[in-house]
Amino acid sequence: MSTAARRPGPDLRLAGLALGAWLSALLTLYAGATAGTVLAAGSAAAVGVLWWGVSRRTGRVDPRLPGAVPTWEVGVSTALVLLGGMLGVVCGAAATAARVAVRDAPVVVDLAASHATVVAELTVRDDPRAARTAAGRPPTYVVLADLHRLRPPGRPPIRLAARVVVLGADPGWRAVLPGQPVTVTARMSRPLGGDLRAATLTVAGAPEHIGPPPWYQRAAGTLRTGLQRACAHLPREPGGLLPGLVVGDTSALDPALAEDFRATGMTHLVAVSGANVAIVVGAVLLLARWSRAGPRLAAGLGVAAVIGFVVLARPSPSVVRAAVMGGIGLLALATARSRATMPALCAAVTVLVLADPELAGDAGFALSVLATGGLVLLAPGWRDALRRRRVPPGLAEALAVPAAAQVACAPVIAGLSGTVSVVAVPANLLVVPAVAPATMLGIGAAVLSPVWPGGAEMMAWLGQWPARWLVTVARYGARLPSGELPWLPGALGGLLLAAVLLGGLMAVRRPAVRRLAAVVAAAAVVGAVPVQLVASGWPPAGWLVVACSVGQGDAVVLPVTRDRAVVVDVGPDPIAVDRCLRGLGISTVALLVVTHFHADHVGGVAGVFRDRTVGAVVTTSWAEPAAGRALVRDTAAAHGVAVGQAAAGWAYADGALRLTVLGPRQALSGTRSDPNNNSLVIRATVGAASVLLAGDAEAEEQAALVAGSGAGAVAVDVLKVAHHGSSFQDVAFLDAVHPRVALVSVGAGNPYGHPNPAVLDRLARSGARVVRTDVSGDAAAVLVDGRLAVVTHPP
């Protein structure tokens with residue numbers, strides 16, 4: 001193809017304006033109003049100086065250009081971008097400084113710093129979301145709101161306009177709709193920062209409703225509730241996924257499935273994004289084209305579709321942002337000029353950031369903009385390149401679009417998660433045929449629900465089938481070996497990956513480099529994939545016990561066969577224990593043992609049952625905490641698994657594995673923590689090696705074990721250190737165990753000071769190899785050629 005016939009480059013004249021506004025707003029959010037004001041004033045002065053200098057140098061100004069930008073040697077486009085960037089800095093810094101000054105108003109800062117209890121009048125901005133809490137505890141509802149009036153004790157009311165985040169404990173928050181004014185009695189505290197929230201309000205009671213929400217929010221609530229009802233009779237995973245695909249409602253989404261979507265780079269599908277808007281608008285435009293409607297009429301129908309979708313998905317800030325991103329192509333359609341898309345994107349970014357500077361620090365906003373930019377800048381060229389290589393047009397589009405979006409978003413995702421997904425592009429390609437049908441059928445179910453509930457259920461039933469395909473892709477994609485590669489987290493990691501990708505994109509434009517890259521990639525796949533599948537290195541050969549990295553909690557796995565194991569405790573998080581068992585290749589849990597019912601040992605019980613057969617469950621006879629006991633029993637009952645109790649002397653054998661419960665020898669009460677001191681303490685033998693699983697037993701139970709059973713009964717090769725290595729240890733017990741390996745299951749940055757340095761030092765001085773899961777990840781004790789060793793596996 002000749003140079004003259006090439007597609008014209010993107011119109012980047014407004015790129016500097018958008019980037020300047022975005023970065024200056026982000027800086028001002030963190031640096032404060034004073035810094036933002038100084039930045040705006042300095043940039044305004046720089047714009048004036050540059051204008052004056054250029055005008056004197058050229059002696060003339062081209063009046064046809066926006067803003068009468070001078071034409072000088074570096075070229076009109078460069079001057080536009082440069083001056084636009086400076087103007088963007090002026091606008092972004094000034095607009096954000098004004099909002100930050102309200103956020104940092106002294107009266108609000110003083111009340112928050114003193115943790116004052118106030119009566120606050122608010123308007124809810126978005127749907128209350130239930131935050132994950134410890135097992136058995138009621139959820140905390142996170143509510144974004146606008147604060148209008150404060151009534152501090154003993155002081156006159158204060159009128160203001162500031163944003164706050166509400167942490168509510170009462171289930172009455174579930175009935176609150178966006179746009180609804182409420183009154184609460186709350187305790188104020190300082191927010192985390194980096195946004196426009198002036199304070200955090202902790203509310204113990206129910207909100208007082210002092211007014212109805214707007215009509216459009218009521219309409220959205222009716223449609224969303226109807227969609228939830230239509231999906232209620234579907235299987236859990238597709239039934240919870242369908243509302244997420246349609247309107248971003250993830251309240252019923254299985255947390256483990258959400259983690260699979262994250263691991264495969266498909267999280268954007270369960271959040272309202274420009275993709276949702278594009279699907280809706282695309283369907284409307286397809287009908288308009290079929291009916292031979294003109295470009296302007298089609299654009300009008302597209303606008304109507306966007307408005308309707310915004311009402312359905314709730315006109316919250318995130319939905320409006322998605323609508324703007326998804327609708328920027330309408331300008332190009334109406335003017336029949338595809339080059340208008342990039343200026344429209346830049347203008348949309350600028351307007352959104354100036355209207356709501358908080359978006360500058362929103363990762364969702366960044367991903368939405370980058371994905372749209374990838375579709376505008378990268379996808380057309382890649383699609384055309386594929387078509388020149390005789391790839392069918394539809395397939396070329398399907399390959400180019402998700403690849404471009406994923407490449408554009410990869411630096412931000414890597415900076416946030418510290419990982420690079422190598423399955424994201426294939427996974428997104430595989431689900432392309434199913435996303436649009438599932439979304440449109442879900443929208444049909446929502447629209448029909450108020451007038452024809454039976455029809456809505458039929459549409460939801462049809463929508464579950466493409467949703468099932470998404471579930472399948474996410475599940476198996478997340479299980480692929482090395483599907484996620486570790487990467488440097490934070491801003492530095494994001495910038496590094498961006499540089500690597502940019503260099504790669506520039507390099508592969510040369511045919512020789514492109515061929516070399518293809519050969520290297522093919523060799524990597526052919527060489528690495530079989531190695532990962534056949535000998536991935538995890539689980540290690542000869543493993544005896546694995547302490548899973550599940551955060552601040554315990555989950556221990558003892559092998560029976562290659563895919564069968566005994567699990568002792570499950571940690572606080574279903575996702576974490578499921579990940580650990582999946583990595584070990586465990587599909588059958590012959591026995592689940594619960595040493596005691598604290599949330600950090602039972603909260604993840606659903607993760608053990610996920611896609612696995614569980615043979616039986618045994619627990620301590622100490623029934624407290626009741627919430628943890630109920631969680632274990634209810635989960636087991638839901639899967640038809642019997643629950644028994646174990647006491648001292650109870651034994652279990654399966655293959656080469658033997659378990660014996662050593663304690664508690666009798667119930668202990670009146671101790672520092674009775675649930676901890678009635679933990680099951682289990683001695684296991686795996687072949688020729690011995691393991692002691694001490695649960696959360698503290699000094700009282702440990703001393704009773706040594707006194708009642710003798711030092712020889714607790715002497716083992718491997719010790720799972722009791723109570724996350726806390727200071728509540730009996731010295732005689734540790735000396736009697738005298739392990740060669742000590743596994744400490746503990747969460748990074750926990751507020752309890754675990755593990756205790758003196759305890760770790762004593763174990764190390766006695767000759768034990770001490771391994772912590774917060775530092776090393778999953779930790780396995782292995783026996784190779786009669787020698788005991790440790791292998792770790794960062795999650």
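The following refers to the structure shown. Source: prediction; values computed, not measured. (Residues numbered from 1 in each chain as written. Predicted model: local features only at pLDDT ≥ 70, side-chain atom pairs only at ≥ 80, totals over all residues. Heavy atoms only, no water.)

**Section: the overall build of the protein chain**
1) Next: Assigned secondary structure in the protein chain consists of 29 helices and 25 strands.
2) Next: The burial tally for the protein chain puts 48% of its 795 residues in the buried class.
3) Next: Across the protein chain, every contact between residues at least 6 apart in sequence was considered, and the portion connecting residues at least 24 apart equals 70%.
4) Next: About 35500 Å² of surface is accessible on the protein chain, with carbon and sulfur atoms providing 64% of the total. (Helix = DSSP H or I, 4+ residues; strand = E, 2+ residues; numbered from the N terminus. Buried < 20%, exposed > 50% of the residue type's maximum accessible area, 1.4 Å probe, protein only. Contact = heavy atoms within 4.5 Å. Areas by Shrake-Rupley, 256 points an atom, 1.4 Å probe, with all protein chains shown as cover.)

**What to know about the state of the cysteines**
1) Next: Evaluated as defined, the whole model comprises one disulfide.
2) Next: The disulfide that involves C548 links it to C580, with 2.0 Å between the sulfurs. The sign of the -70 degrees torsion about the S-S bond sets the C548-C580 disulfide as left-handed. Pair noted here: C548 is in the loop between β10 (543–547) and β11 (556–561) and C580 is in helix α20 (residues 574–584), with a separation of 32 residues, a long-range link. With respect to burial, C548 and C580 carry one shared label: buried. (Disulfide = S-S within 2.5 Å.)

**Comments concerning a nonpolar patch on the surface**
1) Next: Nonpolar side chains collect at one region of the surface, where V451, W452, M458, W461, L462 and W465 lie side by side and expose about 680 Å² of accessible area between them.
2) Next: Within the secondary structure layout, M458 lies in helix α17 (residues 453–479).
3) Next: By relative accessible area, M458 is classed as partly exposed at 44%. (Patch = residues over 30% accessible without salt bridge, like charges linked within 9 Å, V, L, I, M, F, W, Y side chains within 5 Å. Salt bridge = Lys/Arg side-chain N within 4 Å of Asp/Glu carboxyl O.)

**Focus on the pairing of strand β5 (residues 181–189)**
1) Next: In this sheet, β5 lies alongside strand β1 (residues 117–124) in antiparallel orientation, the contact comprising seven bridges. The partner of E121 across the bridge, within β5, is T183. (Pairing = 2+ DSSP bridges.)

**Section: the pattern of salt bridges**
1) Next: Scanning the model with the defined rule gives 27 salt bridges in all.
2) Next: Measuring nitrogen to oxygen at the nearest pair gives 3.9 Å for the salt bridge that ties D254 to R236. Residue D254 is found in the loop between α6 (236–247) and α7 (255–263), and its partner R236 is found in helix α6; the two are separated by 18 residues along the sequence.
3) Next: Assessed through its relative accessible area of 11%, D254 is described here as buried.
4) Next: Look at the salt bridges and you will find they share partners, linking E237, D260, R475, D578, R582, R610, D611 and R612 into a network.

**Describing the packing of aromatic side chains**
Aromatic rings in a pair are described by how distant their centres are and how their planes are angled relative to each other.
1) Next: Counting across every chain of the model gives four aromatic pairs.
2) Next: Between the aromatic rings of W215 and Y216, the centroid separation amounts to 5.6 Å while the plane-to-plane angle is 85 degrees, which identifies the pairing as edge-to-face.
3) Next: A relative accessible area of 59% means that W215 is categorised as exposed.
4) Next: Measuring from centroid to centroid gives 6.2 Å for W650 and Y652, while their planes differ by 10 degrees, and the two rings are stacked. (Phe/Tyr/Trp six-rings, centres within 6.5 Å; stacked < 30°, edge-to-face > 60°.)

**Focus: the packing of helix α15 (residues 393–417) against helix α18 (residues 490–507)**
1) Next: α18 packs onto α15 with a crossing angle of 155 degrees between their chain directions and a minimal axis gap of 7 Å. Considered as vectors, α15 and α18 are oriented roughly antiparallel to each other. Between α15 and α18 lies a crossing whose hand is right-handed. Each of V407, A410, P411, A414 and G415 in α15 lies in contact with α18, whose residues at this interface are G490, G494, L497, A498, L501 and L505.
2) Next: Tallied by class, the residues present in the contact of α15 with α18 amount to eight nonpolar, three polar and no charged. (Axes fitted to C-alpha atoms, helices over the stretch in contact; angles between N-to-C directions. Parallel < 35°, antiparallel > 145°, perpendicular 65-115°, else oblique. Left-handed = near helix turned anticlockwise from the far one by under 90°. Nonpolar A, V, L, I, M, F, W, Y, C, P; charged D, E, K, R; others polar.)

**Concerning the sheet that holds strand β23 (residues 769–772)**
1) Next: Ordered in space as β17-β18-β19-β20-β21-β22-β23, the seven strands form an open sheet in which the pairing is mixed. Looking along the sheet, the strands with just one partner apiece sit at the ends: β17 (651–654) and β23. For this sheet, the mean angle separating the axes of adjacent strands, direction not counted, is 15 degrees.
2) Next: By the bridge criterion, four bridges tie strand β22 (residues 741–744) to β23 in an arrangement that is parallel. Looking across to β23, one finds that V741 is bridged to R769.
3) Next: The strands touched by helix α25 (residues 699–709) are β18 (657–663) and β19 (681–686); relative to β18, the strand with the most contacts, the crossing angle is about 105 degrees.
4) Next: Along the sheet face, helix α28 (residues 757–765) touches β21 (718–720), β22 and β23 and points at about 145 degrees away from the line of β23.

**A look at the environment of Y30**
1) Next: With respect to the helices and strands, Y30 occurs in helix α1 (residues 15–31).
2) Next: In sequence terms Y30 and L196 are 166 residues apart; their C-alpha atoms lie 9.8 Å from each other.

**So, unusual backbone geometry**
1) Next: Note the cis peptide between E624 and P625, where omega equals -5 degrees.
2) Next: Following the sequence through the fold, P625 ends up in the loop between β15 (617–619) and α23 (626–638).
3) Next: G663 connects to P664 through a cis peptide bond whose omega is 10 degrees.
4) Next: As for its position among the elements, P664 is in the loop between β18 and α24 (674–677).
5) Next: Look at R390: it is not a glycine, yet its phi comes out positive at around 70 degrees.
6) Next: Mapped onto the elements, R390 comes out in the loop between α14 (379–388) and α15.
7) Next: Located in the positive-phi region is D611, a residue other than glycine, with phi close to 60 degrees.
8) Next: Mapping D611 onto the fold places it in the loop between α22 (605–609) and β14 (613–614).
9) Next: Residue classification places D611 among the partly exposed positions, given a relative accessible area of 41%.

**What to know about α6**
1) Next: Here α6 contains twelve residues, and its C-alpha end-to-end distance of 17 Å stays within 8% of the 16 Å for a straight helix at 1.5 Å per residue.
2) Next: With eleven of its twelve residues buried, α6 lies for the most part within the structure.
3) Next: Turning to α6, its buried residues number three or more, namely E237, P238, G239, G240, L241, L242, P243, G244, L245, V246 and V247.
4) Next: G248, located one to two residues past α6, shows a positive phi value of around 75 degrees. (Expected span 1.5 Å × (residues − 1).)

**Considering the nonpolar core**
1) Next: Residues L241, F261, M266, L269 and L470 are the most contacted members of the largest nonpolar core, which totals 46 residues.
2) Next: With nine residues, the single largest contributor to this core is helix α16 (residues 424–448).
3) Next: Non-local contacts of L269, meaning those with residues more than four positions away in its chain, are made with G244, L245, F261, V431, V435 and L470.
4) Next: Counting residues in hydrophobic clusters, the runner-up holds 32 residues, among them V556, Y652, A779 and A781. (Core = buried A, V, L, I, M, F, W, Y, C linked by side-chain atoms within 4.5 Å.)

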